[in-house]
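# Architecture and fold: a report
Listed below, chain by chain, are the residues.
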Amino acid sequence: MSPVVRAGLVFGLAAVGAVAGSVLLPIPCISFISVIALGLGAGYTAAKNTNATRDQRIGRGATAGAIAGGIALVGGTIAVIAISQLPFMQAQIQAGVNQALQQNPELAGSGIDPAAIATLAASGFGIVGGICGGLINFITLLITGLLGALFWKGAPAYVPAGGANYGAPPAGGYMPNQPYGNQANEGGPRVYDPNEPNRPQ
């Protein structure tokens, strides 16, 4: 498993836990703040663990963020739907339905079963809330994954031993496998090897 996929997987599962915790605990914005932090961590970790250069880090951070976002989208939706069916959540929704019926007597006298309304409300909350929240988390993790990679300074680009111009002849130097003399310009001076036996006298 590549470091980019591993980072996306780990931070994506952590994001699912943050989403589940935000539903269970009555603390507003806990999920959003946690997802931002996890996205930044995913992008930075992916860039660092792959020793990405400055040109590579953004792509790898965005990839890790997208993987984490996909996991958060699917896993978070399943978690929200499952939590909405728990007995204590059903009781809270039932209490909310009963309060709404008390404030609207015309609905209470219409023969609507409060328990059925509570069940439908719980299912609707789980599906709509899970999907909408999952899409928001996906986009957030994608963007913050990209931004998190920018915190990695970037590994230096590879330069072969001897520098970028390694293998090139020095200025005015001799190029091997080149014919003697300036044959491209017949009117120019010719340079001969002094050890050449057939050179003109």
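Residues numbered from 1 in each chain as written. Predicted model: local features only at pLDDT ≥ 70, side-chain atom pairs only at ≥ 80, totals over all residues. Heavy atoms only, no water.

### Some thoughts on the nonpolar core
The biggest cluster of nonpolar side chains holds twelve residues, and these are Val4, Ala7, Phe11, Ala15, Val35, Leu38, Ala42, Ala46, Ala64, Ala68, Ala72 and Leu141. Here Ala46 is in contact with Val4, Ala7, Arg60 and Ala64, once residues within four sequence places are set aside. (Core = buried A, V, L, I, M, F, W, Y, C linked by side-chain atoms within 4.5 Å. Buried < 20%, exposed > 50% of the residue type's maximum accessible area, 1.4 Å probe, protein only. Contact = heavy atoms within 4.5 Å.)

### What to know about the confidence of the model for the protein
Here the protein averages 78 in pLDDT, while 69% of its residues score no lower than 70. Across the protein, the secondary-structure element scoring lowest on mean pLDDT is helix H5 (residues 105-108), at 61, and the one scoring highest is helix H2 (residues 30-49), at 92. Note on residues 180-185: pLDDT is under 50 here. Beyond four places in sequence and across chains, it has six contacts. (pLDDT = per-residue confidence, 0-100. Helix = DSSP H or I, 4+ residues; strand = E, 2+ residues; numbered from the N terminus.)

### Some details on helix H1 (residues 3-24)
Under the 1.5 Å per step criterion, the end-to-end length of H1 is 32 Å for 22 residues, consistent within 8% with the ideal 32 Å. Burial in H1 covers these residues: Val4, Ala7, Gly8, Phe11, Gly12, Ala15, Val16, Ala18, Val19, Ala20 and Gly21. (Expected span 1.5 Å × (residues − 1).)

### What about a nonpolar patch on the surface?
On the surface, a cluster of nonpolar side chains totalling about 540 Å² of accessible area is made up of Ile58, Ile139, Leu142, Ile143, Leu146, Leu147 and Leu150. The topology assignment puts Leu146 in helix H6 (residues 114-149). The exposure class of Leu146 is partly exposed, given its relative accessible area of 30%. (Patch = residues over 30% accessible without salt bridge, like charges linked within 9 Å, V, L, I, M, F, W, Y side chains within 5 Å. Areas by Shrake-Rupley, 256 points an atom, 1.4 Å probe, with all protein chains shown as cover. Salt bridge = Lys/Arg side-chain N within 4 Å of Asp/Glu carboxyl O.)

### Considerations on the packing of aromatic side chains
Scanning the model with the defined rule gives one aromatic pair in all. Between Tyr44 and Trp152, the aromatic rings sit 6.4 Å apart at their centres with planes inclined by 75°, giving edge-to-face as the arrangement. With a gap of 108 residues between them, Tyr44 in helix H2 and Trp152 in the segment after H6 connect regions that are remote in the sequence. According to the relative accessible area criterion, Trp152 is buried, its value standing at 13%. (Phe/Tyr/Trp six-rings, centres within 6.5 Å; stacked < 30°, edge-to-face > 60°.)

### Comments concerning the packing of H2 against helix H3 (residues 57-84)
Following both chains from N to C, one finds H2 and H3 inclined at 130°, their axes separated by 8 Å at the closest point. Judged by the angle between their axes, H2 and H3 are oblique. The two elements H2 and H3 meet at a crossing, and its hand is right-handed. On the side of H2, the interface is formed by Ala42, Gly43, Ala46 and Ala47, while H3 contributes Arg57, Arg60, Gly61 and Ala64. Of the residues belonging to the contact of H2 with H3, the class tally is four nonpolar, two polar and two charged. (Axes fitted to C-alpha atoms, helices over the stretch in contact; angles between N-to-C directions. Parallel < 35°, antiparallel > 145°, perpendicular 65-115°, else oblique. Left-handed = near helix turned anticlockwise from the far one by under 90°. Nonpolar A, V, L, I, M, F, W, Y, C, P; charged D, E, K, R; others polar.)

### Topic: the environment of Gly76
By the secondary structure assignment, Gly76 is in helix H3. Separated by 64 residues in the primary sequence, Gly76 and Gly12 have C-alpha atoms spaced 9.6 Å apart. Residues in contact with Gly76, not counting those within four places in the same chain, are Val16, Val19 and Ile71.

### Quick word on the layout of surface pockets
If you add up the space inside the largest pocket, you get close to 170 Å³. Looking at the largest pocket, it is lined by 15 residues, and the ones nearest its centre are Val19, Val23, Val80, Gly129 and Gly133. When residues of the lining of the largest pocket are traced back to their parent elements, those giving at least two are H1, H3 and H6. The dominant element in the lining of the largest pocket, judged by the number of residues it contributes, is H6, at seven residues. The class makeup of the residues in the lining of the largest pocket is six nonpolar, nine polar and no charged. (1 Å grid on protein atoms, 1.4 Å probe; cavity = no way out; pocket = protein on both sides within 12 Å on 5 of 7 lines; lining within 4 Å. Points joined across faces, edges and corners; volume = space filled by probe spheres on them.)

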